[in-house]
Amino acid sequence: MKLMQWDSCWLNVHLATMREGYGEIRDAAIAVKDGRIAWLGPQAELPSGWQASAVYDAGSAWMTPGLIDSHTHLVYAGNRSNEFEARLNGVAYEDIAHQGGGIVATVRATRAASEEELLAATLPRLHSLLKEGVTTLEIKSGYGLDLASEARILRVARRIAASFPVRVSTTFLGAHAVPPEFAGRSDDYLRVVCEEMMPALATEGLIDAVDAFCEKIGFSAAQTERVFQAAQALGLPVKLHAEQLSDQQGAALTARYQGLSADHLEYLSQDGIAAMASAGTVAVLLPGAFYFLRETQLPPVAALRAAGVPIALATDCNPGTSPMTSLLLTMNMACTLFRMTPLEALQGVTCHAARALGLAQETGKLEVGLSADFAIWDIDRPADLAYFIGGNFLKEKVFRGRLQ
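These numbers come from a predicted model, not from an experiment.

Caption draft 1: Quick look at the overall build of the chain. Across its full length, the chain carries 15 helices and 15 strands. For 404 residues, the compact-globule estimate of 2.2 N^0.38 gives 22 Å, and the chain sits close to it at 21 Å. Its C-alpha atoms give the chain principal-axis dimensions of roughly 70 × 40 × 40 Å. The proportion of buried residues among the 404 residues of the chain is 58%. For the chain, the exposed area adds up to about 15,500 Å²; of that, 49% sits on carbon and sulfur atoms. Here the chain contributes 33 positively and 44 negatively charged side chains, and the mean placements of these two sets differ by 3 Å.

Pasting the structure below:
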């Protein structure tokens, strides 16, 4: 019999593998070799004669996959609390945008910041997520809106991945808003996005996916399709800010391009749901933005559920509509505001979130062969993660097999 030689093994642990439902395995063990899961199952079934360089007793704690924040705008400069106050005094979000606020206000601050200043501004937000068991996150650009500034944002994202225990998926969001120098010339700006910015950034290896803001105050479906075509020509997957403020049929467009995800979706139609279900496009819901903007139109969770569309959840961390850095709070909000179940919430920040980033073969579940990304929790049951408001019961975190 071949002797099992592992780098590490956790004993006396309850696993929420997320393979089917919670995929619970109580009184379990899990082993790691070369940064990947080598074995897992009931502790009583450990192979005879196994050995590990490091053995840990989890003390009957629960282990889940490392959490995944699949939609963030983490890298930016500036502060928009003034707009928060204005909205509470009755000014509409669209009016703030038309008056030079909104996304363009953050663009001004971000363009003025150096790469080092952007990194310094981002680190407190990053650490808040890491302290809650996050091992994978997406970081979008979109607050530069010129080649040099967009590149600076994406380089900061790559530096984060190189320097901290987290996997970072970068998304180019050049089609986030029309910058001031292109006011009234959105088509001219999109030409720069598609023909100059996107190819240059892709050549530099800074883009994992491409996004756009398809909305009345953003870009039309026809304009968004130009972005998707340019991405497709470069071999880059697409995703979309879709149906947040109105139904622009962006989700169906995303599905036609086999998009990874359509995000927000408060105004998603049944046709859009059907298209997403057929294409396997993930719905990424963002309860932080829903809450912060005091939206009243709920995303069609029941219809998405009935159609079998995977539902992911994310913080949407950004300065204007969701200044939130808690994925655990996101889970609670999804349950209380959107009537999702605790199981759906945990799937939304693990296995479904991995699908939304095109990483289902790398992370998001506890499964042999996947990256050894774990979060270990001092909880009674997995539902506790969505139950507590502001609670964080993380004991330990493991990223690519290394205890953090």
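Caption draft 2: Structural context of empty space enclosed by the protein. For the coordinates displayed, the defined rule picks out 2 cavities of 30 Å³ or more. Taken as a whole, the largest cavity holds about 140 Å³ of empty space. Put simply, the second largest cavity is a space of about 30 Å³. What lines the second largest cavity is L328, D384, L385, F388, G391, N392 and F393. Tallied by class, residues from the lining of the second largest cavity come to 4 nonpolar, 2 polar and 1 charged.

Caption draft 3: Representation of the sheet that holds strand β12 (residues 311-313) within the structure. Here 8 strands make up an open sheet; going across it, the order is β5-β6-β7-β8-β9-β10-β11-β12 and the pairing parallel. Each edge of the sheet is formed by a strand with only one pairing partner; in this case those strands are β5 (67-69) and β12. Within this sheet the neighbouring strands show an average axis-to-axis angle of 25 degrees, counted without direction. Sheet topology note: the strand β6 (residues 134-140)/strand β7 (residues 167-175) ladder contains 5 bridges and is parallel. Following the sheet pairing, I139 is matched in β7 by T170.

Caption draft 4: How the structure looks around the sheet that holds strand β4 (residues 51-65). With mixed pairing, 7 strands are arranged side by side in an open sheet as β3-β2-β1-β4-β13-β14-β15. The sheet terminates laterally at β3 (36-42) and β15 (402-403), the two strands that pair on one side only. Relative to β4, strand β1 (residues 5-16) is paired through 9 bridges, and the arrangement is parallel. Residue pairing across strands places W10 opposite Y56, the latter belonging to β4.

Caption draft 5: The pairing of strand β8 (residues 209-214), seen in detail. Across the 6 residues of β8, 6 count as buried, placing the element largely inside the fold. Across the two faces of β8 the burial is the same, with A209, D211 and F213 and V210, A212 and C214 all buried. Pairing of β7 with β8 involves 3 bridges; the strand directions are parallel. Its bridge partner being in β8, A175 is matched across the sheet by A212. Pairing between β8 and strand β9 (residues 239-242): 2 bridges, direction parallel. Along β9, the bridge assignment pairs F213 with H241. Crossover β8 to β9 through helix α7 (residues 221-233) is right-handed.

Caption draft 6: Geometry of the packing of helix α5 (residues 147-163) against helix α6 (residues 186-203). The interhelical angle for the contact between α5 and α6, taken along N-to-C directions, is 35 degrees, at an axis separation of 10 Å. Where α5 crosses over α6, the handedness of that crossing is right-handed. Side by side, α5 and α6 meet where L147, E150, A151 and L154 of the first sit next to M197, A200 and L201 of the second. The residue makeup of the contact of α5 with α6, split by class, is 6 nonpolar, no polar and 1 charged.

Caption draft 7: Structural context of helix α9 (residues 270-279). The set of residues buried in α9 consists of G272, I273 and M276. Summarising the axial view, the buried residues of α9 lie within an arc of 100 degrees, below the 170-degree limit, and thus occupy one face. Facing away from the buried side of α9 by over 90 degrees, the exposed positions are Q270, D271 and S278. The inward-facing, buried residues of α9 abut α8 (250-256), β10 (261-264), β11 (282-285) and α11 (301-307). Looking one or two residues past α9, G280 carries a phi angle of roughly 80 degrees, positive in sign.

Caption draft 8: Main features of the environment of A28. Mapped onto the fold, A28 is located in strand β2 (residues 24-33). Along the chain, A28 and L40 lie 12 residues apart, while their C-alpha atoms are 7.3 Å from each other. Not counting residues up to four positions away in its chain, the partners in contact with A28 are W10, L11, N12, V13, L15, G41, P42 and Q43.

Caption draft 9: How the structure looks around the environment of E45. Along the chain, E45 turns up in the loop between β3 and β4. Accessibility expressed as a relative area gives 54% for E45, which makes it exposed. Considering only alpha carbons, one finds E45 and A29, 16 residues apart in sequence, at a separation of 8.9 Å.

Conventions and cut-offs
Sequence order as written defines residue numbering, which begins from 1 separately in each chain. Only residues with pLDDT of at least 70 get local features here, since the model is predicted, and only at 80 or more are side-chain atom pairs given and counted; chain-wide, interface and lining totals rely on the full set of residues. Excluding hydrogens and water, the side-chain figures rest on all heavy atoms present in the structure. Helix and strand assignments come from DSSP, with helices taken as H or I runs of at least 4 residues and strands as E runs of at least 2, each series counted from the N terminus. Taken over C-alpha atoms, the radius of gyration is set against a globule rule of 2.2 Å times the number of residues to the power 0.38. Think of it in three bands: residues with accessible area under 20% of the maximum for their type are buried, residues over 50% are exposed, and the middle band is partly exposed, with areas taken using a 1.4 Å probe on protein chains only. Only the protein chains shown count as covering a residue, and every accessible area follows the Shrake-Rupley method with a 1.4 Å probe. Neither His nor the chain ends is counted toward charge; the positive residues are Lys and Arg and the negative residues Asp and Glu. We put the charge of a Lys on NZ, of an Arg on CZ, of an Asp on CG and of a Glu on CD. Lining residues are those with an atom within 4 Å of a point, where the points come from a 1 Å grid over the protein atoms alone and group into cavities, where a 1.4 Å probe fits but cannot get out, or pockets, open sets with protein on both sides within 12 Å along at least five of seven lines. Grid points are joined across faces, edges and corners, and a volume is the space filled by probe spheres set on the points. By the convention adopted, Pro, Cys, Tyr, Trp, Phe, Met, Ile, Leu, Val and Ala count as nonpolar, Lys, Arg, Asp and Glu as charged, and the other residues, Gly among them, as polar. The criterion for strand pairing is that DSSP finds at least two bridges linking the strands in question. Axes here mean lines fitted to C-alpha atoms, for a helix over just the part in contact, with angles spanning 0 to 180 degrees between N-to-C directions. Whether a crossover is right-handed depends on one test, that the path from the first strand over the helix to the second runs clockwise when the strands point away from the viewer. Working rule for handedness: look at the near helix, and if it is turned counterclockwise from the far one by less than a right angle, call the crossing left-handed; if clockwise, right-handed. Two residues qualify as a contact provided that any one of their heavy atoms is within 4.5 Å of a heavy atom in the partner residue. As used here, the arc belongs to the directions running from the helix axis to the C-beta atoms.

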